[in-house]
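What the coordinates show
This is what each chain is made of:
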Amino acid sequence: MACAYNTIFPSFLVLSLLISFSASILAGGRESFACDPNDATTKGLPFCRVTLPIAERVKDLIGKLSLQEKVKLLINNAKAVPRLGIKGYEWWSEALHGVSNVGPGTRFGGDFPGATSFPQVITTASSFNETLWESIGRVVSDEARAMYNGGMAGLTFWSPNVNVFRDPRWGRGQETPGEDPVLAGKYAASYVRGLQGTDGDRLKVAASCKHFTAYDLENWNGVDRFHFNAKVSKQDIEDTFDVPFRMCVKEGNVASVMCSYNQVNGVPTCADPKILQKTIRGQWRLNGYIVSDCDSVGVYYNAQHYTSTPEEAAAEAIKAGLDLDCGPFLGLHSEEAVKKGFLSEAHINKALVNTLTVQMRLGLFDGPAQLYGNLGPKDVCTQPHQELALEAARQGLVLLKNHGPVLPLSHIRHRTVAVIGPNSDVTVTMIGNYAGVACGYTSPLQGIGKYAKTIHQQGCKDVACVDDKLFNAAIDASRQADATILVMGLDQSIEAEGRDRTGLLLPGRQQELVSNIAKSSRGPTILVLMSGGPIDVTFAKNNPQIAAILWVGYPGQAGGAAIADVLYGTTNPGGKLPMTWYPQDYITNLPMTNMAMRSSPSKRYPGRTYRFYNGPVVYPFGHGLSYTHFVHAITTAPTVFSVPIDGHRRGGNVTLSGKAIRVTHARCGRLSLGIQVDVKNVGSKDGSHTLLVFSKPPAGHWAPHKQLVAFKKVHVPAGTRQLVGINIHVCKYLSVVDRSGIRRIPMGDHNVHIGDTKHSVSLQATTLGVIKS
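Throughout what follows, the structure given in this document is the object of discussion. (Residues numbered from 1 in each chain as written. Predicted model: local features only at pLDDT ≥ 70, side-chain atom pairs only at ≥ 80, totals over all residues. Heavy atoms only, no water.)

**A few points about the state of the cysteines**
Which entries qualify depends on this criterion: The term disulfide is used for any two cysteine sulfur atoms that are within 2.5 Å. Going along the chain from the N terminus, every DSSP run of H or I of four or more residues is numbered as a helix, and every run of E of two or more is numbered as a strand. Exposure is judged per residue with a 1.4 Å probe applied to protein chains only, and the accessible area is read against the type maximum: over 50% gives exposed, under 20% gives buried, and values in between give partly exposed.
Across all of its chains, the model carries seven disulfides by this definition. A sulfur-sulfur separation of 1.9 Å characterises the disulfide bridge that pairs C209 with C248. Between C209 and C248, the S-S dihedral sits near 75 degrees, and the bridge is therefore right-handed. Note that C209 is positioned in strand β3 (residues 209-212) and C248 in helix α8 (residues 243-250), a separation of 39 residues in sequence. Judged on exposure class, the residue C209 and its partner C248 are both buried. Each sulfur of the disulfide joining C294 and C326 lies 1.9 Å from the other. The sign of the 70 degrees torsion about the S-S bond sets the C294-C326 disulfide as right-handed. Taken together, the residues span a long stretch of sequence, with C294 in the loop between β10 (289-292) and α10 (296-302) and C326 in the loop between α11 (310-320) and α12 (329-339) at a distance of 32 residues. When sorted by exposure, C294 lands in the same class as C326, which is buried.

**Considerations on helix α6 (residues 181-196)**
For clarity, the cut-off: Take the number of residues in a helix, subtract one, and multiply by 1.5 Å to get its expected span. Within 3.5 Å is the distance limit for a polar contact, defined as a pair of N or O atoms, with the added protein rule that one can donate a hydrogen and the other accept it, and that residues adjacent in sequence qualify only through two side-chain atoms.
For α6, built from 16 residues, the straight-helix expectation of 22 Å at 1.5 Å per residue is met to within 8% by its first-to-last C-alpha distance of 22 Å. When you tally the buried positions in α6, you get 15 out of 16 residues, the bulk of the element. N-capping of α6 is provided by D180, with a side-chain oxygen placed 2.9 Å from the backbone N of V182. G197 sits one or two positions beyond α6 and adopts a positive phi of about 85 degrees.

**Overview of the nonpolar core**
Let me state the cut-off plainly: The criterion is simple. A nonpolar core is a set of buried Ala, Val, Leu, Ile, Met, Phe, Trp, Tyr and Cys residues joined through side-chain atoms within 4.5 Å. Here a residue-residue contact requires only that any non-hydrogen atoms of the pair lie within 4.5 Å.
Residues F47, W158, V254, I348, F365 and L708 are the most contacted members of the largest nonpolar core, which totals 119 residues. For this core, the element with the most residues is helix α5 (residues 130-149), which contributes nine residues. Ignoring sequence-local partners within four residues, the contact set of L708 consists of F128, D180, V182, L183, Y610, F621, L692, V693 and F694. Counting 85 residues, the second-largest nonpolar core is a separate cluster that includes V232, F471, A474 and Y619.

**Some thoughts on the pattern of salt bridges**
To keep things clear, this is the line we draw: Counted as salt bridges are all cases of a side-chain nitrogen of Lys or Arg within 4 Å of a carboxyl oxygen of Asp or Glu.
For the structure shown, the criterion picks out 35 salt bridges. When the shortest N-O distance is used, the salt bridge between D142 and K204 registers 2.5 Å. Here the residue D142 occupies a position in helix α5, and K204 occupies one in the loop between α6 and β3, the gap between them amounting to 62 residues. D239 is paired through a salt bridge with R611; the nearest N and O atoms lie 3.2 Å apart. Linking D239 in helix α7 (residues 234-241) with R611 in helix α20 (residues 609-612), this pair joins segments that are 372 residues apart in sequence. On the basis of relative accessible area, D239 is assigned to the buried category, the value being 3%. Members of the salt-bridge network, linked through shared partners, are R172, E175, E218, R225 and E497.

Set out below in structure tokens:
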């Protein structure tokens with residue numbers, strides 16, 4: 001999510017933000033948004049009666065609004081309707097990994113100087129821990145409600161970002177849960193449940209899954225997201241790009257979906273009824289509203305020239321299913337669109353039903369007796385919240401290499417440590433983008449300083465590392481220390497919204513600094529990498545003088561403490577990479593604009609993500625080491641599994657490798673394949689182990705090489721074992737998508753594997769009836 005009009009329409013931005021800010025001061029807070037019982041003109045109106053069904057209340061309210069009032073509610077800085085006691089409301093707030101000050105709906109100051117800043121999403125995803133993700137969501141929504149009660153935030157948060165991390169250069173990959181669509185979908189559902197709460201149809205806050213769909217390019221080789229037409233096959237849409245959003249809506253029950261800037265196959269996503277009306281609201285049954293990325297409607301009119309007039313652009317969006325515009329466009333042109341006959345007032349009413357229903361579910365029309373009204377400043381930046389931020393960082397760190405093993409460091413042997421690198425003493429860098437004001441920071445230098453005496457040198461002025469002026473001092477420090485820790489990597493100057501990376505190597509002369517120090521260090525050299533996207537560190541992986549490599553993503557406000565805890569063994573690392581780390585050569589002649597997921601050897605196209613790429617990697621998806629050793633065995637699993645179907649079609653179900661049944665023809669229900677896995681910790685340290693369960697389907701060359709079908713985090717003390725039950729929903733996770741975009745369950749042998757442990761199960765159709773062709 002971003003302000004397109006920041007770069008394309010600056011006058012709109014200034015006007016919108018000024019109005020939005022004033023509206024945000026009026027919105028929420030201890031003062032009633034609407035339906036104040038002391039207001040004699042409104043207290044008896046049906047839309048204020050909390051005993052009535054929300055649908056009746058919304059219908060009554062819309063019936064009392066004029067067309068002029070209605071169009072002013074179609075934009076993020078929705079205007080007040082004083083005669084009905086309705087104040088202005090700012091819809092735009094963000095909570096990607098903590099309450100953020102991106103967007104005018106939230107601000108910090110006074111009783112709320114900061115909020116808990118959790119690790120960036122790519123780091124948290126590395127934990128593969130659904131319970132953790134939901135816990136973070138609950139904390140964030142506690143703090144969000146507290147700030148709303150204090151008049152400092154709204155209740156509609158446009159998070160999370162669940163786009164698939166398709167290309168390693170994407171500047172916003174850091175915001176996502178990684179490259180696997182099932183992982184992204186499970187993250188989305190878990191985080192959204194935490195944010196929105198579990199109070200029936202009522203909402204603690206309203207989340208929004210973004211950016212729908214096939215959005216994963218900022219600005220590559222002169223092609224930017226405001227002009228990009230993503231040409232995507234039906235197969236890839238169904239198999240990859242839409243999966244996290246479907247899970248977010250159907251399993252997370254999210255209150256909103258945000259459409260993206262780009263076109264998909266020639267149609268702007270925010271003007272496409274096939275994806276907004278038919279897919280999101282029709283097939284997935286979204287219970288909520290659809291919002292545009294900021295000024296997306298203006299973008300497809302002004303930049304993409306999709307319609308001839310602004311009135312037609314507004315009409316196309318609303319008729320397609322867009323309910324709310326982040327930006328001024330619908331507020332400026334919808335009324336005229338009705339007058340010119342491009343749009344009916346009934347279409348506007350339909351949009352308002354969706355937005356006003358969400359506001360009702362949040363309690364904005366319930367008067368001053370608000371849900372969660374007891375939350376306040378005492379509930380923000382609490383000790384338990386900050387401890388969860390530290391725990392999230394610990395769980396997200398990934399140990400990539402540990403030769404010797406040299407880690408964990410010894411309190412006795414490594415008493416003096418050289419801490420070197422442009423990210424060695426950073427604070428704000430650790431929280432990545434879409435962050436707010438953290439409660440406080442522990443930098444890597446500070447964290448390590450609690451375990452050992454430190455000698456600090458930057459080595460490079462910043463991550464760009466354009467010269468070697470600081471090299472000698474850093475080399476001298478490494479010669480004096482018992483161990484050297486290099487904290488290198490990237491920051492928002494290299495990867496960010498609006499900024500895709502140009503390569504996968506460490507920027508500037510960072511690699512040179514690392515190699516020089518590795519040669520000169522008196523003790524072991526450990527490389528710590530701070531980044532959102534993958535880095536080609538083949539040189540370090542293959543260099544025996546670099547004993548260990550630790551990837552920390554952007555680890556949040558407590559990142560430095562978590563890094564030190566792992567380096568010194570207080571925490572046993574258990575994170576796994578949520579994306580493939582490719583060599584630099586991977587992106588050679590690979591346009592970011594090519595959206596195909598599957599490889600094409602004849603076209604020398606390598607394919608994308610571990611599911612379809614089988615070339616050389618630096619580190620694979622799911623890689624991550626521990627200080628202990630786990631072994632596992634599948635103790636119970638069926639060898640044959642029956643899939644009940646309603647019948648068969650003549651033709652259409654046969655693939656190159658046998659029969660594959662349409663998912664819609666199977667009796668899915670709770671059709672789950674259960675397996676039991678025995679996990680032993682045969683090492684000397686307690687640790688958490690992530691079971692990544694993959695399946696290799698038998699469905700021919702259009703199926704993935706393998707796909708993640710389940711994962712589970714389990715804590716196993718040293719010398720003990722745990723029996724872990726895993727259920728794999730057959731229709732959801734053992735299905736594949738054919739070239740026509742039809743999801744099917746291949747019959748035959750599916751090879752399930754967890755690490756080196758493999759098991760084959762044969763799916764066999766059981767016909768219960770006949771489907772006529």
